[in-house]
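Read off the chains here:
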Amino acid sequence: MPADERFAVRRDRARASVPRPLAAAPAPSGVPLPDGLALRGRLATGARRPETPRGSGRGGPGSRTPRTGRGAGPRRPYERARRAWDRPLTAYYVILGSSLLITVLGLVMVYSASMIKALDISKPSTYFFGKQFLAAVIGGALMLLAARMPVKLHRALAYPILMVTVFLMVLVQVPGIGMSVNGNQNWLYLGGPFQLQPSEFGKLALILWGADLLARKQDKRLLTQWKHMLVPLVPVAFMLLGLIMLGGDMGTAIILTAILFGLLWLAGAPTRLFAGVLGAAAAIAFLLIRTSPNRMSRLACMGVSEPDPEGGCWQAAHGIYALASGGWFGSGLGASVEKWGQLPEPHTDFIFAITGEELGLAGTLSVLALFAALGYAGIRVAGRTEDPFVRFAAGGVTTWITAQAVINIGAVLGLLPIAGVPLPLFSYGGSALLPTMFAVGLMIAFAREDPAAKAALAMRKPGVRWKTMRRRVKKRPSGER
């Protein structure tokens, strides 16, 4: 056989020995090939995959399905915020941060609102600011002390604080000892420029004593009987209210009444009993307002937009003027016009109006947001605890601060009568600032007493952290870490 024929035979045999691609092999009729074999066959034979339109098919925009779960678009920030709020130390940080921000912003506004008033009485421009700053320093020490005190010590101090407060409130009514300021006989002279208003401490005394009383009765399961719920809580509260009303301070009496209602509501007072006490308090308040021309004139100033020709409702009208002239972002710190003698008490009862004039709507909404955060954190502390004393005391403090803020801001806005109560932690007045900061420290202590918060705080101590890290690192056989 010639050489070229032998070469052709070898070539044909070599081709016959090579296996044919699976996809090229004809499939039996009616029996499709498996996907894997068909894919390998197409790749082996070099067949190209058919192109699909860009808007369809897997991975295209037209085939996308909405993601549901942890990374879903609008729900992701909400889930993060909810998880952050559910952390054990959230209430602790919110109470501490919001109260300090309110106090610092209040110091700034007291200085800005009181400069002209101080110069008008021949004092330095920092006269009122210096006194408020000193009160804030003392109040900060009281807040730190209250935050570090255990709950048992707070309960032990309830009766001594109540007795000392009642003694001081009786001492105010003694001629020659008590002082009258703006027609209210509720002040004690301490020497120099310092005065004390014992009725402000009456709020704190009623909360601590009432919380301890109701907690002890709940432990004995006596709060199901109306006489144990009312006696002696309501008589003692009425005694404090009587001592306050002897001095003519209707605003403080309203706040004390709100605290009493808050304690009764937390104790689970039935609706008919709660309505009865509320009706009696409303009847007494109506009688006191009706028999006082000064209180009737304050009631008539609700919602006014300009003062009377005779000078009535001057303060209410100019408070609205201050808020209206502030605009969105205000005229700037120190640039208020109403504090130049037009608005009475610009640094005390109507400091919120000066805030609106100088910081605008943004400033006033920021103050409202801080008070809302403080109130909500107090509700959280009261709602998550299993200790009845903590629940009653935290609820009482929250009722006190929020009710006083609502009454003050409502009076500035013309929605409520002018009650003459300061804005908590914000207005000028050391007698109001000291017990309020102690009450904030009380809530901080309660937030720290939560078992989960205790564990979280313990894990943040350097010693515990170092021991935890050492436990997690295993020691090698050679002795090295």
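Residues numbered from 1 in each chain as written. Predicted model: local features only at pLDDT ≥ 70, side-chain atom pairs only at ≥ 80, totals over all residues. Heavy atoms only, no water.

**Looking at the layout of surface pockets**
The gaps of empty space that remain are located by a probe, the size of a water molecule, rolled over the atoms. Rules: Cavities and pockets are found on a 1 Å grid laid over the protein atoms alone: a cavity is a set of points where a 1.4 Å probe fits but cannot escape, a pocket is an open set with protein on both sides within 12 Å along at least five of seven lines, and a lining residue has an atom within 4 Å of such a point. Grid points are joined across faces, edges and corners, and a volume is the space filled by probe spheres set on the points. Strands are runs of DSSP state E lasting at least 2 residues, helices are runs of H or I lasting at least 4, and numbering of each runs from the N terminus. Nonpolar residues are Ala, Val, Leu, Ile, Met, Phe, Trp, Tyr, Cys and Pro. Charged residues are Asp, Glu, Lys and Arg, and all others, Gly as well, are polar.
Of the pockets and cavities examined, the second largest pocket occupies roughly 310 Å³. What lines the second largest pocket is a set of 18 residues, and nearest its centre among them are Arg 384, Thr 385, Phe 446, Asp 450 and Pro 451. Broken down by secondary-structure element, the contributors of at least two residues to the lining of the second largest pocket are helix H15 (351-384), helix H17 (430-448) and helix H18 (451-459). Considering each element in turn, the lining of the second largest pocket owes the most residues, three residues, to H15. A class-by-class count of the residues in the lining of the second largest pocket yields nine nonpolar, one polar and eight charged.

**Some thoughts on a nonpolar patch on the surface**
Filter applied, for reference: The residues that make up patches have over 30% relative accessible area and no salt bridge, and they are joined within 9 Å when like-charged or within 5 Å when they are Val, Leu, Ile, Met, Phe, Trp or Tyr. Areas reported here follow the Shrake-Rupley algorithm with a probe of radius 1.4 Å; residue values treat only the protein chains shown as occluding. Within this document, salt bridges are pairs made up of a side-chain nitrogen of Lys or Arg and a carboxyl oxygen of Asp or Glu, the two lying within 4 Å of each other. Exposure categories follow from relative accessible area, calculated using a 1.4 Å probe and restricted to protein chains: below 20% of the type maximum is buried, above 50% is exposed, and the middle band is partly exposed.
Together, Trp 328, Phe 329, Leu 361, Leu 365 and Leu 368 make up an exposed nonpolar region whose accessible area comes to about 580 Å². The class for Trp 328 is exposed, based on a relative accessible area of 64%.

**Some words on helix H7 (residues 158-172)**
To keep things clear, this is the line we draw: For a helix, the expected span equals 1.5 Å multiplied by the number of residues minus one. This arc is taken over the directions from the axis of the helix to the C-beta atoms. Contacts were defined at the residue level, with two residues in contact if any of their heavy atoms lie within 4.5 Å.
Compared with the 21 Å implied by 1.5 Å per residue over 15 residues, the 21 Å span of H7 between its first and last C-alpha is a close match. Within H7, the full set of buried residues consists of Ala 158, Leu 162, Thr 165, Val 166, Met 169 and Val 172. On an axial view of H7, the arc spanned by its buried residues comes to 115°, and they lie on one face. The exposed set on the far side of H7, more than 90 degrees from its buried face, consists of Met 163 and Phe 167. Packed against the buried residues of H7 are helix H6 (151-156), strand E1 (178-181), strand E2 (184-191), helix H8 (198-219) and helix H10 (233-246).

**Things to note about the side chain of Lys 217**
Going by this rule: Under the counting rule used here, the positive set is Lys and Arg, the negative set is Asp and Glu, and His together with the chain ends is not counted. For the purposes of these results, a polar contact is taken to be a pair of N or O atoms within 3.5 Å, where, inside protein, one atom must be able to donate a hydrogen and its partner to accept one; residues adjacent in sequence count only when each atom of the pair is a side-chain atom.
Among the secondary structure elements, Lys 217 is positioned in helix H8. Buried charge without a salt bridge: Lys 217, with Asp 212 as the nearest opposite-charge side chain at an N-O distance of 11 Å. Within polar-contact distance, the side chain of Lys 217 engages the backbone oxygen of His 228 at 2.6 Å. Once residues within four sequence positions are removed from consideration, Lys 217 is found in contact with Leu 222, Leu 223, His 228, Val 231 and Pro 232.

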